Amino acid sequence: KIFEGHSLHLKVPKEQTTKLYGFIGPSGGGKSTLLQILGGQIRPTSGTVFINGIDVYNVDDFVRRKMIAVQGQVASNIRGTLRYNLLFSLPRKNKIYSDEYLVEILKKVGLWDVFSSQGGLGAFIGEAGFNLSGGQRQRLNFASLYLRAKFFKPFLILIDEPTSSLDEISESAITEMIDELAR
């Protein structure tokens with residue numbers, strides 16, 4: 001209901017070097033819902049969502065993944081290895097990223113020290129990341145989003161509260177990576 005009668009038109013000039021925007025408002029004000037609508041997870045009861053002239057609800061999931069990268073507010077880790085969680089939703093036919101590159105990304109988000117002694121990229125992640133802290137789950141999800149965004153080069157990257165449960169050092173590293181993706 002909060003969006004009834006409202007429209008959002010956001011046009012970003014190509015010559016603008018960094019295209020980074022934030023939605024700010026009170027808890028329960030619809031920020032997460034708006035991101036879910038823009039990302040194609042929630043279909044509005046009326047209206048449409050176009051990104052670069054493409055209706056996000058009239059394309060299949062693979063096309064949508066190429067258009068939009070999404071990290072929700074709740075960490076969504078999957079039972080499996082650390083490598084599996086990092087590369088989830090990326091094509092598996094070819095080895096896209098080397099182990100060295102994956103370790104580099106994990107170091108950037110401050111996770112490699114946690115996993116290097118637990119089997120490295122083969123470390124086990126429990127369902128919903130039950131064996132990780134909230135901040136670790138969030139950093140792992142961001143690392144996965146970063147890898148997807150680098151691979152698919154989407155038109156739009158949506159991140160819901162990317163640094164909410166992080167310490168200052170982790171927040172700074174992730175903010176730098178977000179800035180890199182925004183460019």
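See above for the structure.
The model shown is predicted, which means the values in this text are computed figures rather than measured ones. (Residues numbered from 1 in each chain as written. Predicted model: local features only at pLDDT ≥ 70, side-chain atom pairs only at ≥ 80, totals over all residues. Heavy atoms only, no water.)

Caption draft 1: Main features of the side chain of Arg139. Note that Arg139 resides in helix 6 (residues 134-152). Ignoring any residue separated from it by four or fewer positions in sequence, one finds Arg139 in contact with Val109, Gly110, Leu111, Leu166, Ser170 and Ile174. (Helix = DSSP H or I, 4+ residues; strand = E, 2+ residues; numbered from the N terminus. Contact = heavy atoms within 4.5 Å.)

Caption draft 2: Local environment of unusual backbone geometry. For Asn52, which is not glycine, the phi dihedral falls at a positive 50 degrees. The residue Ser89 is not glycine, and still its phi comes out positive at about 80 degrees.

Caption draft 3: The packing of helix 4 (residues 99-108) against helix 6, seen in detail. The contact between helix 4 and helix 6 brings their axes to 10 Å, and the two run at 130 degrees. If you check the angle between helix 4 and helix 6, you find them oblique. At the point where helix 4 passes helix 6, the crossing takes the right-handed sense. Where helix 4 abuts helix 6, its residues Tyr101, Leu102, Ile105 and Lys108 lie against Ala143, Tyr146, Leu147 and Lys150. Its residues assigned to classes, the contact of helix 4 with helix 6 shows 6 nonpolar, no polar and 2 charged. (Axes fitted to C-alpha atoms, helices over the stretch in contact; angles between N-to-C directions. Parallel < 35°, antiparallel > 145°, perpendicular 65-115°, else oblique. Left-handed = near helix turned anticlockwise from the far one by under 90°. Nonpolar A, V, L, I, M, F, W, Y, C, P; charged D, E, K, R; others polar.)

Caption draft 4: Molecular detail of the nonpolar core. Counting 31 residues, the largest nonpolar core has Leu82, Leu86, Leu121 and Phe142 as the members making the most contacts within it. The set of elements that each furnish at least two residues to this core consists of helix 3 (82-87), helix 4, helix 5 (112-115), helix 6 and helix 7 (168-182). The residues contacting Phe142, other than those within four sequence positions of it, are Gln71, Val109, Ile159, Ile174, Met177 and Ile178. Counting residues in hydrophobic clusters, the runner-up holds 12 residues, among them Leu38, Val49, Val56 and Val59. (Core = buried A, V, L, I, M, F, W, Y, C linked by side-chain atoms within 4.5 Å. Buried < 20%, exposed > 50% of the residue type's maximum accessible area, 1.4 Å probe, protein only.)

Caption draft 5: The arrangement of the packing of helix 6 against helix 7 in detail. Interaxial distance between helix 6 and helix 7 falls to 11 Å at its minimum, and their mutual angle equals 15 degrees. Accordingly, the angle class assigned to the pair helix 6 and helix 7 is roughly parallel. In this structure, helix 6 meets helix 7 at a crossing whose hand is left-handed. Of the residues in helix 7, those in contact with Arg139, Phe142, Tyr146, Ala149 and Lys150 of helix 6 are Ser170, Ile174, Met177, Ile178, Glu180 and Leu181.

Caption draft 6: Representation of the environment of Leu38 in the model. Structurally, Leu38 can be placed in helix 1 (residues 31-39). Once the C-alpha coordinates of Leu38 and Phe50 are considered, the two residues, 12 residues apart in sequence, prove to be 8.5 Å apart. Beyond its immediate sequence surroundings of up to four residues, Leu38 is in contact with Phe23, Val49, Ile51, Val56, Ile68 and Leu158.

Caption draft 7: The packing of aromatic side chains, seen in detail. Under the definition given, this model contains 5 aromatic pairs. Arranged with centres 6.0 Å apart and planes meeting at 80 degrees, the rings of Phe62 and Phe152 form a pair that is edge-to-face. Of the two residues, Phe62 sits in helix 2 (residues 61-67) while Phe152 sits in helix 6, which places them 90 residues apart along the sequence. Relative accessible area serves as the criterion here: at 37%, Phe62 is assigned to the partly exposed category. On the basis of relative accessibility, which here comes to 10%, the residue Phe152 falls in the buried class. Their ring planes at 20 degrees and their centres at 5.2 Å tell us that Tyr97 and Tyr101 sit as a pair that is stacked. Exposure remark for Tyr97: the relative accessible area of 11% places this residue in the buried category. Put simply, the rings of Phe62, Phe151 and Phe152 touch in pairs and so form one group of aromatic residues. (Phe/Tyr/Trp six-rings, centres within 6.5 Å; stacked < 30°, edge-to-face > 60°.)

Caption draft 8: Focus on a nonpolar patch on the surface. The grouping of Leu8, Leu10, Tyr21 and Phe23 at the surface amounts to a nonpolar patch, some 420 Å² of accessible area in total. Looking at the element boundaries, Leu8 is found in the segment before helix 1. (Patch = residues over 30% accessible without salt bridge, like charges linked within 9 Å, V, L, I, M, F, W, Y side chains within 5 Å. Areas by Shrake-Rupley, 256 points an atom, 1.4 Å probe, with all protein chains shown as cover. Salt bridge = Lys/Arg side-chain N within 4 Å of Asp/Glu carboxyl O.)

Caption draft 9: Spatial organisation of the side chain of Gln136. Mapped onto the elements of the fold, Gln136 is located in helix 6. Taking relative accessible area as the criterion, Gln136 reaches 16% and is therefore assigned buried. Sequence-distant contacts of Gln136, that is, excluding residues within four places in its chain, are made with Leu111 and Val114.

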